[in-house]
Amino acid sequence: AAQAFQLGDSVPYEAGAMAEPVACCLHGIDLAGIKAGDRVCIVGGGAIGLIMLQLAKLSGASTLVLSEPNEKRRQVALEVGAGAAIDPTQPGYEEAFTQAMDGSADVVIECVGNNAAVKSAFQFAGKGATILLFSVPKVDATFDLPLFDVYKKELTIKGSFVNPDTHARAVALINSGKVDFGPIITHRFTLDQLPEAIAMQMSDASIKVVVEAQ
């Protein structure tokens with residue numbers, strides 16, 4: 001019982017199931033050090049990126065731009081608080097980003113886990129920016145660090161590992177209703193549909209899949 005966190009009476013179980021990812025994201029947000037008025041870019045519009053976007057807004061970001069190739073996820077980002085959502089696979093995306101951000105980002109949070117996303121995070125970062133590499137890479141993953149960018153822009157690069165002490169804050173946020181999971185949870189399955197649920201979670205058609213015990 002000492003390890004349990006109490007959900008509010010009106011909080012649905014599917015929102016409670018998001019406590020662990022929210023806790024991880026909160027730890028990342030703490031490390032990102034967003035200040036009120038900062039311009040923030042989120043790279044990746046999966047469930048984690050969309051939670052990060054909302055937490056960045058709660059932290060006082062003045063401008064929020066999402067970079068994401070999936071159209072459905074870009075649309076959801078606009079629903080939950082992004083000022084703009086760009087497709088990094090389209091020609092001219094750099095100009096679209098600069099216009100939407102009114103310059104470059106003060107904080108970039110990368111939530112994808114591949115080299116293309118990491119590379120774009122360095123492109124979006126402005127002078128003095130913090131880049132948070134939040135995604136979970138493969139154990140042997142490497143990236144060619146653009147050293148001149150680090151030097152010229154005076155970049156701060158941070159990683160983030162799970163949620164050492166943020167679970168209680170995550171549950172408090174969920175109980176307050178300040179994080180919207182409605183557009184993020186896109187599919188629901190019953191326990192006997194578990195194989196279909198796993199397949200859907202691996203599909204580009206979903207954002208977050210939940211399995212409901214009947």
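It should be noted that the structure appears before, not after, this text.
Residues numbered from 1 in each chain as written. Predicted model: local features only at pLDDT ≥ 70, side-chain atom pairs only at ≥ 80, totals over all residues. Heavy atoms only, no water.

Caption draft 1: A look at the sheet that holds strand S5 (residues 125–133). Strand order in this open sheet of six strands is S3-S2-S1-S4-S5-S6, and the pairing throughout is parallel. Each end of this open sheet is capped by a strand with a single partner; those strands are strand S3 (84–86) and strand S6 (156–159). Strand-to-strand twist of the sheet, defined as the mean angle between neighbouring strand axes without regard to direction, takes the value 20 degrees. Sheet topology places strand S2 (residues 63–67) next to S3; three bridges connect them, and they run parallel. The residue bridging Val 65 from the neighbouring strand is Ala 84, located in S3. Those strands touched by helix H4 (residues 71–79) are S2 and S3, and its axis lies near 165 degrees from that of S3. (Pairing = 2+ DSSP bridges. Helix = DSSP H or I, 4+ residues; strand = E, 2+ residues; numbered from the N terminus. Axes fitted to C-alpha atoms, helices over the stretch in contact; angles between N-to-C directions. Contact = heavy atoms within 4.5 Å.)

Caption draft 2: Spatial organisation of the state of the cysteines. Enumeration according to the criterion identifies zero disulfides in this entry. Between Cys 24, a cysteine without a disulfide, and Cys 25, which holds the nearest cysteine sulfur, the sulfur-to-sulfur distance is 6.9 Å. With no disulfide of its own, Cys 25 lies 6.7 Å from the sulfur of Cys 111, the closest cysteine sulfur. With a relative accessible area of 0%, Cys 25 lands in the buried category. (Disulfide = S-S within 2.5 Å. Buried < 20%, exposed > 50% of the residue type's maximum accessible area, 1.4 Å probe, protein only.)

Caption draft 3: Expanded view of the side chain of Arg 74. In this fold, Arg 74 is placed in helix H4. Leave out the neighbours within four places in its chain, and Arg 74 touches Leu 66, Glu 68, Pro 69, Ala 85, Ile 86 and Asp 87.

Caption draft 4: A look at helix H3 (residues 47–58). Here H3 is twelve residues long and its end C-alpha atoms lie 17 Å apart, about the 16 Å a rise of 1.5 Å per residue gives. With nine of its twelve residues buried, H3 lies for the most part within the structure. Every buried residue belonging to H3 is among Ala 47, Gly 49, Leu 50, Ile 51, Met 52, Leu 53, Gln 54, Leu 55 and Ala 56, and all of these are buried. Gly 60 lies just past H3 and shows a positive phi near 105 degrees. (Expected span 1.5 Å × (residues − 1).)

Caption draft 5: Just the pattern of salt bridges, in detail. Evaluated as defined, the whole model comprises seven salt bridges. In this structure, Glu 154 and Lys 127 form a salt bridge, with 4.0 Å as the shortest nitrogen-oxygen distance. Residue Glu 154 is located in the loop between helix H7 (147–153) and S6, and its partner Lys 127 is located in strand S5; the two are separated by 27 residues in the primary sequence. Taken as a pair, Glu 154 and Lys 127 share a single burial class, namely exposed. Among the salt bridges present, the one from Arg 188 reaches Glu 212, with a minimum N-O distance of 3.9 Å. Pair noted here: Arg 188 is in strand S7 (residues 185–190) and Glu 212 is in strand S8 (residues 208–212), with a separation of 24 residues, a long-range link. (Salt bridge = Lys/Arg side-chain N within 4 Å of Asp/Glu carboxyl O.)

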